[in-house]
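Coordinates in review
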Amino acid sequence: IASNEHSIATVYASSFKNNMALARGGALIIRNANATILGSDFTRNAANSGGAFGVIEQSVVKMENSHVTENTAAGIGGGGMYVSASTVELLANSFTGNVAVDGGGGALLWDGVSTLYLITVCTPGWFVEESGHDGGLTFCTPCVPGLFKETVSASQCTWCDAGKFGSDAGATSCQLCLAGKYQNLTGSTSCETCTENADSPAGSSACFCSVGFFGDGITSCSICEPG
């Protein structure tokens, strides 16, 4: 596929396999154009540069949640992607097993003065944290117990709701408090046991006194007097 001269292309949930180009971009060449690539796979494509695709001549490209795998550049380089004088934003992509035979950039070769944006995203259970050293580089760190992150796209960890808890770091979900236990706070790492003569269903934020008893169910349940 070629996207040229001020065109706008959107590639969504597509698969490109075993394609070849003599120059740049075995599967896709974007020249002086805008393109958005979402949830697509580029596998075993080949070209002189940019085995999977080339982005050149003042193009603007955003690629998200895509996989670039086992592509080959035989000449200049950029086994997966070749970028020249263009702006590229990469978010939650994987580059695996790509090869530049005679040039640089087994995964990606960036050639030019325009900006290449590499955005750090983390797997579920981990979040992006900025280092206080190394020029502000970002890295992934696990959510602490009591917090969770369910999806890749979430930027931060979330507190476990009342009635739930998280005892492990790097959690992707929270656990329900068992029957007979409760948790009325968010972000908790454990649940509390109901007081004597009280009970609760699973996932409760409070306990309830048994029949014939009264109280708050958490600190005390007293027996009802006759009458």
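The rules behind the values
- Residues numbered from 1 in each chain as written.
- Predicted model: local features only at pLDDT ≥ 70, side-chain atom pairs only at ≥ 80, totals over all residues.
- Heavy atoms only, no water.
- Helix = DSSP H or I, 4+ residues; strand = E, 2+ residues; numbered from the N terminus.
- Rg over C-alpha atoms; globule rule 2.2 N^0.38 Å.
- Buried < 20%, exposed > 50% of the residue type's maximum accessible area, 1.4 Å probe, protein only.
- Contact = heavy atoms within 4.5 Å.
- Salt bridge = Lys/Arg side-chain N within 4 Å of Asp/Glu carboxyl O.
- Polar contact = N/O pair within 3.5 Å; in protein donor to acceptor, adjacent residues only side chain to side chain.
- Pairing = 2+ DSSP bridges.
- Axes fitted to C-alpha atoms, helices over the stretch in contact; angles between N-to-C directions.
- pLDDT = per-residue confidence, 0-100.

When you go through the chain residue by residue, the secondary structure sums to zero helices and 29 strands. Computed over the C-alpha atoms, the radius of gyration of the chain is 27 Å, more than 25% above the 17 Å expected from 2.2 N^0.38 for a compact globule of 227 residues. In terms of overall dimensions, the chain has C-alpha extents of about 95 × 40 × 30 Å along its principal axes. Relative to its 227 residues, the chain shows a buried fraction of 36%. Here the analysis covers contacts within the chain between residues at least 6 apart in sequence; of these, 61% occur between residues at least 24 apart.

What follows deals with the pattern of salt bridges. One pass over the full model with this rule turns up three salt bridges. Put simply, E57 and R31 hold a salt bridge, and the shortest N to O gap is 3.8 Å. Residue E57 is located in the loop between β8 (53-56) and β9 (60-64), and its partner R31 is located in strand β4 (residues 28-31); the two are separated by 26 residues in the primary sequence. Given the relative accessible area of 41%, E57 is considered partly exposed. With relative accessibility at 27%, the residue R31 sits in the partly exposed group. Where R44 meets E70, a salt bridge forms, and the shortest distance between an N and an O atom there is 3.6 Å. You can see R44 sitting in the loop between β6 (41-43) and β7 (46-49) and its partner E70 sitting in the loop between β10 (67-69) and β11 (72-77), a full 26 residues away along the chain. A relative accessible area of 41% places E70 in the partly exposed class.

Here Q183 is to be found in the loop between β24 (181-182) and β25 (192-193). From its side chain, Q183 meets the backbone nitrogen of L185 in a polar contact 3.1 Å long. The contact partners of Q183, leaving out residues within four places of it in the chain, are A162, G163, K164, C177, S188, S190, C191, E192, S204 and S205.

This part covers the sheet that holds β4. The five strands lie next to each other as β1-β4-β8-β12-β16, forming an open sheet whose pairing is parallel. Each edge of the open sheet is held by one strand with a lone partner, namely β1 (2-4) and β16 (108-111). Direction aside, the axes of adjacent strands within the sheet are offset by 5 degrees on average. Here four bridges tie β4 to β8, and the two strands are oriented parallel to one another. Looking at the pairing, L28 lines up with F53 of β8.

Spatially, three strands are ordered β7-β11-β15 in an open sheet, and the strand pairing comes out parallel. Here the strands that pair on one side only, and so sit at the sheet edges, are β7 and β15 (99-100).

A separate point is the environment of T123. Along the chain, T123 turns up in the loop between β17 (116-119) and β18 (126-130). Separated by 49 residues in the primary sequence, T123 and T172 have C-alpha atoms spaced 9.2 Å apart. Filtering out sequence-adjacent residues up to four positions away, T123 remains in contact with K149 and V152.

With that settled, the discussion passes to the pairing of β11. As defined by bridge partners, β7 adjoins β11 across three bridges and the pair is classed as parallel. Each bridged residue has a counterpart across the sheet, and for A47 the counterpart in β11 is A73. Bridging between β11 and β15 involves two bridges; their strand directions are parallel. Bridging across to β15, T72 finds its partner in V99.

Moving on: the confidence of the model for the chain. Per-residue confidence for the chain averages 86 on the pLDDT scale, and 91% of its residues sit at or above 70. Across the chain, the element-wise mean pLDDT spans from 61 in β17 up to 97 in strand β22 (residues 164-165).

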